[in-house]
Amino acid sequence: MISPPRRNDQPMEDLLRRFATARSDPDLAILEGFHAVKHGLRFRADIVAMATSDPGGVAALAAELAPDVSDLIAAAVVVDPEVFAGLTPLPVPTGIVAIADRPAVEASHIVGDPSPAPLVLLERPRHHGNVGAVIRVAAAAEAAGVLTSGDLDPWDPAALRGSAGLHFAVPVARIDRLDLGSRPLVALDPAGDSLATRTIPDRAVLAFGSERTGLTPAILNRADLRLRIPMRVGVSSLNLATAVAAVLYGSQTSGRR
């Protein structure tokens, strides 16, 4: 059962300060916009503050698109548009934002998931928006989780915008070292075998490289299998989230999961 969000009855200055400090707090997550808040609530995010500048508009969206959480959304604190504009650095046209506790996710628990679903690994991604889009795809395709390496925080507010709040629907964690347990490693590599001709094993870790340089030799040399996405001659690459979607859904429709 989803716990209702807690109302924030503090002065507006405290609310502004709370949202400002939450953006750099590793224990918190910022949900910007109706769909992000909707998904957060739907997938059991623990909301600690929520504000809207348009309660009527948000209520109408909830009634149309998310009746399952409309009562929870209605608990948002109503603020003036000027105050609302100060809660986030970018405009939020749907008029609702929230702060949630960031769930404690252990990479070892994600890796140890016994289900046959694949696990997505992003090696040193460069753009928060792409990470968020990958998480959105992984949640929709019911992947076991998303792991990232490198310095980029996969829970950055920009990544949460890209995922529409679906970080709460699939485990997401950043790792410092790659410990795959018994999972096979499948590297997506333009020089690999065609995805159309090979079977992706159950519980595979699907490794995707950075948007510019691809996978490092360390991952490629460790891989149990190297695969490429078949593409028309002359097309050099796909967007990262598109590539992840092609592999995840390709493995499902071909009966490889």
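Sequence order as written defines the numbering, with residues in each chain counted from 1. Selection of residues for local features in this predicted model requires a pLDDT of at least 70, selection of side-chain atom pairs for listing and counting requires 80 or more, and totals for whole chains, interfaces and linings are taken over all residues. To get the side-chain values, all heavy atoms of the structure are used, and hydrogens and water are removed first.

Side note on the overall build of the protein chain
Per the secondary structure count, the protein chain includes 10 helices and 10 strands. By its C-alpha atoms, the protein chain is 60 × 40 × 35 Å across when sized along the principal axes. Between two residues, a contact is recorded if the distance between any of their heavy atoms is within 4.5 Å. Excluding contacts between residues fewer than 6 apart, the proportion of contacts in the protein chain whose partners are at least 24 apart in sequence is 81%. The positive count covers Lys and Arg only, the negative count covers Asp and Glu only, and His and the chain ends enter neither. Working definition for charges: the position is that of NZ of Lys, CZ of Arg, CG of Asp or CD of Glu. Side chains of the protein chain carry 25 positive and 28 negative charges; the gap between the two charge centres is 8 Å. Under the scheme used here, helices are H or I runs from DSSP no shorter than 4 residues and strands are E runs no shorter than 2 residues, and both carry numbers assigned from the N terminus.

Digging into unusual backbone geometry
Note: most peptide bonds trans; most residues except glycine with negative phi. Even without glycine at this site, Ala-164 takes up a positive phi of about 55 degrees. Within the secondary structure, Ala-164 is located in the loop between helix H8 (157-163) and strand E7 (172-174). The phi angle at Arg-203 is positive, at roughly 65 degrees, despite the residue not being glycine. Along the chain, the position of Arg-203 falls in the loop between strand E8 (185-194) and strand E9 (205-208).

Here we look at the confidence of the model for the protein chain
Residue-level confidence of the predictor is what pLDDT reports, using numbers from 0 through 100. Scored by pLDDT, the protein chain comes out at a mean of 92, with 94% of its residues at no less than 70. pLDDT under 50 marks residues 1-9. Its contacts with residues more than four places away, or in other chains, come to 24 contacts.

Section: the pattern of salt bridges
When a carboxyl oxygen of Asp or Glu is within 4 Å of a side-chain nitrogen of Lys or Arg, the pair counts as a salt bridge. Considering all chains together, one arrives at eight salt bridges under this definition. A salt bridge links Arg-23 to Glu-32, with the nearest nitrogen and oxygen atoms 3.0 Å apart. Each residue gets one of three labels from its accessible area relative to the maximum for its type: buried under 20%, exposed over 50%, partly exposed in between, using a 1.4 Å probe on protein chains only. Residue Glu-32 is classed as buried on the basis of its relative accessible area of 11%. The closest approach of N and O atoms between Arg-161 and Glu-32, which form a salt bridge, is 2.6 Å. Taken together, the residues span a long stretch of sequence, with Arg-161 in helix H8 and Glu-32 in strand E1 (residues 28-32) at a distance of 129 residues. Owing to a relative accessible area of 34%, Arg-161 belongs among the partly exposed residues under this scheme. The structure contains a network of salt bridges with shared partners spanning Arg-23, Glu-32 and Arg-161.

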